[in-house]
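# Observations on chain architecture
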Amino acid sequence: MTHDKQIHQLNQLIFSSSTITILTHPNPDGDALGSSLALFHALAFQNKNVKVIIPNSYPAFLKWLPGIDDTIVFDHSPKKAEEQILRSDLIICLDFNTLKRIERIAPIIRSSQAPLALIDHHLEPDSEFQIQISDTNASSTAELVYDVILSLQIMPADLSLIAPCIYVGIMTDTGSFSYSCNHPRPYEITAKLVESGLDVAVVHNLVYDTFSESRLRLLGYLLNRKMKVFPSHQAAFISLSLADQIKYNFQIGDSEGIVNYALSIEGIKLAAFFTEKSDLVRVSLRSKGDLSVNLLARQYFNGGGHKNAAGGNSYTTLKKTELAFVKMLDQIKDEIINAH
């Protein structure tokens, strides 16, 4: 899918803007941070007054990303973030498709007079964005950001700051190139990054080989004690309670990828991971083939996402969320079994 018209419009806005804000979603993952920081460096290269705003804290395994210390974390500095947004000439939202995702920041965005642009690869973007560079076939938002930077002709000769950010976005959103990348573009981009001097082994180690002992012990405990498998429904789920989080010194990012362990069981087509919060239960859903967890997330858990990777929230207890999921499995059993 080409976005020449939208990219041209964004190019004009960038050219005429002095202060630009880049905004991504809460609980930012590798794609959210990688794509945001890549665009940040490209716009800074153009001498723009640019800042990245993150709604809340980011995982420790991403703290090495170039430029991350220059970000504004809304939870830590809400006044500073608000001032940045309200003085911006342009706001660019990355890796989310609706302002509902950014909750407390949304009213500030809506009170701003700045144009609102979107670069994203999730389904059904909201109409609030004046410019939408949206492609559900893209492996990641980082892939789209790379193409945007290239098309805008603002790619610096030295990619040492941009390359690791783009690669982290693509690598993490494709499970190290194991899904959502069945087309040439993410590989072509990665080849260009490697040609520029990127050491992919070093980046992979920084992201995946820096877990704490407590995180690994938590993983073992969850797989051994908290994973429930329903062979007749070809489904499974794992639950993480607040008590377990305290016991294993849970940190932001420690649950990254755990849902995929349930999905990796032979014969399982649908997996869920429930994380208990103080006021809700966070739901992560994964599926195989043509079974759409985006639709399930929208229908049952006030959420959405991709066809095979989606999420939402359950505004009840962890136990009731588990029971609701099991009830859902009974309702969609034939849909799961017949999925290819």
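Each chain carries its own residue numbering, running from 1 in the written order of its sequence. Confidence filtering applies because this is a predicted model: local features only for residues at pLDDT of at least 70, side-chain atom pairs given and counted only at 80 or more, and all residues used for totals across whole chains, interfaces and linings. Note: side-chain values were computed over all heavy atoms of the structure, leaving out hydrogens and water.

Time to look at the overall build of the chain. Under the scheme used here, helices are H or I runs from DSSP no shorter than 4 residues and strands are E runs no shorter than 2 residues, and both carry numbers assigned from the N terminus. Secondary structure assignment for the chain yields 14 helices and 12 strands. What the globule rule says is 2.2 Å times the number of residues to the power 0.38, and the radius of gyration is computed from C-alpha atoms. Relative to a compact globule of 340 residues, whose C-alpha radius of gyration would be 20 Å, the chain shows 20 Å and is just as compact. Along the first, second and third principal axes, the C-alpha atoms of the chain reach 60 × 45 × 40 Å. Intrachain contacts of the chain at a sequence separation of at least 6 include 65% that bridge at least 24 residues. Note on areas: Shrake-Rupley, 1.4 Å probe, and residue coverage restricted to the protein chains presented here. About 15600 Å² of surface is accessible on the chain, with carbon and sulfur atoms providing 50% of the total. What makes two residues a contact is simply this: any of their non-hydrogen atoms within 4.5 Å.

So, on to the sheet that holds strand β10 (residues 281-287). Between any two strands, pairing holds if DSSP finds at least two bridges. Taken in spatial order, the six strands line up as β7-β8-β9-β10-β12-β11 in an open sheet, and their pairing is mixed. The sheet is open, and its two borders are formed by β7 (227-230) and β11 (304-305), each paired with just one other strand. Both β7 and strand β8 (residues 235-240) contribute to a ladder of four bridges, which runs antiparallel. Paired with phenylalanine 230 across the bridge in β8 is alanine 235.

A separate point is the packing of aromatic side chains. Only the six-membered ring of Trp is used, alongside the rings of Phe and Tyr, when aromatic pairs are assigned; centres must lie within 6.5 Å, and planes under 30 degrees apart are stacked while those over 60 apart are edge-to-face, with the rest tilted. Inspection of every chain in the model, using the stated rule, returns eight aromatic pairs. Arranged with centres 5.8 Å apart and planes meeting at 85°, the rings of phenylalanine 237 and phenylalanine 325 form a pair that is edge-to-face. Separated by 88 residues along the polypeptide, phenylalanine 237 in strand β8 and phenylalanine 325 in helix α13 (residues 318-331) bring together distant segments of the chain. Taken as a pair, phenylalanine 237 and phenylalanine 325 share a single burial class, namely buried. Through a chain of ring-to-ring contacts, the aromatic side chains of Phe230, Phe237, Phe274 and Phe325 assemble into a single cluster. Just above the ring of phenylalanine 211 sits the side chain of arginine 215; from NZ or CZ to the centre is 4.0 Å. Sitting over the face of the ring of tyrosine 221, lysine 247 holds its NZ or CZ atom 5.4 Å from the ring centroid. Burial classes follow relative accessibility: with a 1.4 Å probe on protein chains only, a residue under 20% of its type's maximum area counts as buried, one over 50% as exposed, and anything between as partly exposed. Counted as over-ring charges are cases with an Arg CZ or a Lys NZ within 6 Å of the ring centre that also lie within 35 degrees of the ring normal.

Now for the packing of helix α5 (residues 141-151) against helix α7 (residues 185-195). Fitted lines through C-alpha atoms serve as axes, helices being fitted only where they are in contact, and the angles separating the N-to-C directions of these axes extend from 0 to 180 degrees. Axis separation between α5 and α7 bottoms out at 10 Å; the angle between their running directions is 65°. For the crossing formed where α5 meets α7, the hand is left-handed. Contacts between α5 and α7 pair Glu143, Tyr146, Asp147 and Leu150 from the former with Arg185, Pro186, Ile189, Lys192 and Leu193 from the latter. The residue classification treats Ala, Val, Leu, Ile, Met, Phe, Trp, Tyr, Cys and Pro as nonpolar and Asp, Glu, Lys and Arg as charged. All others, Gly included, are polar. Of the residues in the contact of α5 with α7, the class split is five nonpolar, no polar and four charged. By definition, any crossing whose near helix is turned counterclockwise from its far helix by less than a right angle is left-handed, and any crossing with a clockwise turn is right-handed.

A few words on the environment of leucine 263. For leucine 263, the position within the fold is in helix α11 (residues 258-263). Here leucine 263 falls in the buried class, since its relative accessible area comes to 11%. Sequence spacing of leucine 263 and phenylalanine 237 is 26 residues, and the spatial spacing of their C-alpha atoms is 8.7 Å.

Residues Arg225, Lys228, Lys247 and Lys319 make up a contiguous surface patch of positive charge. The topology assignment puts arginine 225 in helix α9 (residues 213-226). Put simply, a patch holds well-exposed residues, over 30% relative accessible area, that have no salt bridge, with like charges counted together within 9 Å and Val, Leu, Ile, Met, Phe, Trp or Tyr side chains within 5 Å. A pair is scored as a salt bridge if a Lys or Arg side-chain nitrogen falls within 4 Å of a carboxyl oxygen belonging to Asp or Glu. A positive count includes Lys and Arg, and a negative count includes Asp and Glu. His and the chain ends are not counted in either. The location of each charge is read from NZ of Lys, CZ of Arg, CG of Asp or CD of Glu.

This part takes up unusual backbone geometry. Positive phi, normally seen in glycine, also occurs at aspartate 95, with a value near 70°. Positionally, aspartate 95 belongs in the loop between β4 (90-94) and α4 (106-111). At asparagine 249, a residue that is not glycine, the phi angle is positive and equals roughly 50°.

The next point concerns the pattern of salt bridges. The tally for this structure, following the rule as stated, stands at seven salt bridges. Here arginine 298 ties to glutamate 124 by a salt bridge, and the two come within 3.5 Å at their closest N and O atoms. Placement of the pair is arginine 298 in helix α12 (residues 293-300) and glutamate 124 in the loop between β5 (116-120) and β6 (131-134), with a sequence separation of 174 residues. Residue arginine 298 is classed as partly exposed on the basis of its relative accessible area, which comes to 35%. With relative accessibility at 52%, the residue glutamate 124 sits in the exposed group. Note that aspartate 244 and lysine 226 form a salt bridge whose closest N and O atoms lie 2.7 Å from each other. With aspartate 244 in helix α10 (residues 242-247) and lysine 226 in helix α9, this residue pair connects regions lying 18 residues apart in the sequence.

Okay, the environment of glutamine 46 next. Position of glutamine 46 relative to the elements: it lies in the loop between α2 (30-45) and β2 (49-54). Counting along the chain gives 256 residues from glutamine 46 to asparagine 302, while the straight-line C-alpha distance between them is 40 Å.

For the rest of this paragraph, the subject is the sheet that holds β6. With parallel pairing, the six strands of this open sheet are ordered in space as β3-β2-β1-β4-β5-β6. The outermost strands of the open sheet, each flanked by one partner alone, are β3 (72-73) and β6. Bridging between strand β1 (residues 19-23) and β2 involves five bridges; their strand directions are parallel. The residue of β2 that forms the bridge with threonine 19 is asparagine 49.

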